[in-house]
Amino acid sequence: MANIFCVANQKGGVGKTTTAVNLAASLAGLDQRVLLIDLDPQGNATMGSGIDKSACENTVYEVLVDGVSLRDATMRPPAVGYDVLPANRELAGAEVELVDMENRERILRGAIDEVVDDYDFVLIDCPPALSLLTLNALCAAHGVVIPMQCEYFALEGLSDLVNTIKQVHANLNRDLKVIGLLRVMFDPRITLQQQVSDQLKEHFGDKLFDVVIPRNVRLAEAPSYGLPGVVFDKSSRGAQAYIQFGTEMIERVRALSMN
Ligand code: ATP
Ligand code: MG
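Every chain's residues receive numbers from 1 upward, in the order its sequence appears when written. Lettering of chains starts at A and numbering of ligands starts at 1, both following the order in which they are written. For a predicted model such as this one, the threshold for reporting local features is a pLDDT of at least 70, and the threshold for listing and counting side-chain atom pairs is 80 or more; totals across whole chains, interfaces and linings nevertheless cover every residue. Side-chain metrics in this entry use all non-hydrogen atoms of the structure; hydrogen atoms and water are not considered.

As annotated in an unreviewed UniProt entry, the protein chain carries the name Cobyrinic acid ac-diamide synthase and comes from Caballeronia insecticola.

Dropping the structure here:
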């Protein structure tokens, strides 16, 4: 059965999609069967995996709202080594349409059920909001990966997210846990980042992933080629860090004996 993880942080632009796409590619490179679900109407994970989001016949929207089977909507982009359930701006409408549905926060979970034995990992890229879409991801997942930049305001939003995760755990999904916090876009030359990183260590202990993702321009360039950084320039520092992250993730999953 697949380990289902979502990459979440309601702050925008903190590296969720970069993390989701590169973790997917890194795990695929370690011979894991991976499905990446794009749950953001921006469709960045879709485009960043080499799929033209405006040309998809079926997307996660049709799966959630029209009951199209997840398997039928899943695509296999040629260069990346993992499957993708794409998204585009249509998905913004799902927020409204899901509201009236029965078990509205569990629709995604129901859809994933069909394929849990086809994959080792299902990764969900969340939108930058604690919305009904994100709630669907939290209800479907075994764990949350939280990417964050080591900046002062990063810590403020974190408590809202952690509280939401606690509430979902208490009321909707007993399986849910924080797998770990991932420091991303890290620049060790900036003293404040070092300080926040130390604070995080103190606060979160081993909930913090050991690997730290550096700020690296190759990771930022890769999406314009429709590729994860890990595939676009495997030898770059950013890609190497994400490859190491994949290894750490597999170790962490084994330690949690979730397999
Ligand atoms: P949103 O909340 O809008 O979905 P996000 O949290 O998914 O954003 P990303 O899209 O992954 O964030 O990253 C935001 C921007 O930062 C992008 O332009 C991305 O290419 C860039 N970026 C992400 N990680 C790194 C990194 N380690 N080094 C350099 N640039 C990065
Ligand atoms: Mg994103």
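There is more to say after this.
K.L.:
Describe the site of ligand 1, with residues and values.
P.N.:
Taken together, the neighbourhood of ligand 1 is formed by 18 residues, with Gly13, Lys16, Thr17, Thr18 and Asn216 sitting nearest. Here threonine 17 contributes a backbone N or O atom positioned 2.8 Å from an oxygen atom of ligand 1. In the environment of ligand 1, a nitrogen atom lies 2.8 Å from a nitrogen or oxygen atom belonging to the backbone of asparagine 216. For ligand 1, whose free accessible area comes to 630 Å², the fraction covered by protein is 81%. Buriedness for pockets is judged along seven lines, at least five of which must meet protein on both sides within 12 Å for an open set on the 1 Å grid over protein atoms alone, while cavities are sets there where a 1.4 Å probe fits but cannot get out, and lining residues have an atom within 4 Å of a point. Placement in a cavity or pocket follows one criterion, namely that more than half of the molecule's atoms lie within 2 Å of its grid points. With respect to the pocket detection grid, ligand 1 is positioned in the largest pocket. Near, as used in this document, describes a residue that has one of its heavy atoms within 4 Å of the molecule or strand being considered. Counted as a polar contact is a pair of N or O atoms within 3.5 Å, where, for protein atoms, one must be capable of donating a hydrogen and the other of accepting one, and residues adjacent in sequence contribute only when both atoms are in side chains. Computed by Shrake-Rupley with a 1.4 Å probe, the accessible areas treat only the displayed protein chains as cover when residues are assessed.

K.L.:
Describe the layout of surface pockets, listing the residues and the values that go with them.
P.N.:
Estimated volume of the largest pocket: approximately 490 Å³. Gly15, Lys16, Thr17, Thr18 and Met185 are, among the 29 residues lining the largest pocket, the residues nearest its centre. Put simply, DSSP marks the helices as runs of H or I at least four residues long and the strands as runs of E at least two long, and each gets a number from the N terminus on. Elements represented by at least two residues in the lining of the largest pocket include exactly α1 (16-29), β6 (177-186), β7 (208-214) and α10 (217-221). Residue contributions to the lining of the largest pocket peak at five residues, all from α1. Under the grouping applied here, Gly and all other residues not named as nonpolar or charged are polar, the nonpolar ones being Ala, Val, Leu, Ile, Met, Phe, Trp, Tyr, Cys and Pro and the charged ones Asp, Glu, Lys and Arg. Looking at the lining of the largest pocket residue by residue, the classes come out as 15 nonpolar, eleven polar and three charged. Grid points are joined across faces, edges and corners, and a volume is the space filled by probe spheres set on the points.

K.L.:
Which residues make up the packing of helix α8 (residues 152-171) against helix α9 (residues 191-204), and what are the values?
P.N.:
To obtain each axis, a line is fitted to C-alpha atoms, and for helices this fit is confined to the stretch in contact; angles are then taken between N-to-C directions over 0 to 180 degrees. In contact at an axis separation of 9 Å, α8 and α9 are set at 30° when each is read in the N-to-C sense. Here α8 is positioned roughly parallel relative to α9, judged by the angle of their axes. Residues Tyr152, Leu155 and Leu158 of α8 touch α9, and the partners they reach there are Leu192, Val196, Gln199, Leu200 and Phe204. Per-class residue counts for the contact of α8 with α9 are seven nonpolar, one polar and no charged. These descriptions rest on fixed angle ranges, namely under 35 degrees for roughly parallel, over 145 for roughly antiparallel, 65 to 115 for roughly perpendicular, and the rest for oblique. We call two residues contacting when some pair of their heavy atoms lies within 4.5 Å.

K.L.:
I'd love a proper account of the sheet that holds strand β5 (residues 143-148), names of residues and values included.
P.N.:
Adjacent strands of a sheet pair through backbone hydrogen bonds, lying either parallel or antiparallel. Two strands pair if DSSP finds at least two bridges between them. Across the sheet, which stays open at both edges, the seven strands sit in the order β3-β2-β4-β1-β5-β6-β7 with parallel pairing between neighbours. Looking along the sheet, the strands with just one partner apiece sit at the ends: β3 (83-85) and β7. In this sheet, neighbouring strand axes are inclined to one another by 25° on average, regardless of whether the strands run parallel or antiparallel. Where α8 meets the sheet, it contacts β5 and β6, and its direction lies at approximately 170° from that of β5. Strand contacts of helix α12 (residues 237-255): β1 (3-7), β4 (121-125), β5, β6 and β7, with the helix running at about 165° to β7, the strand carrying the most contacts.

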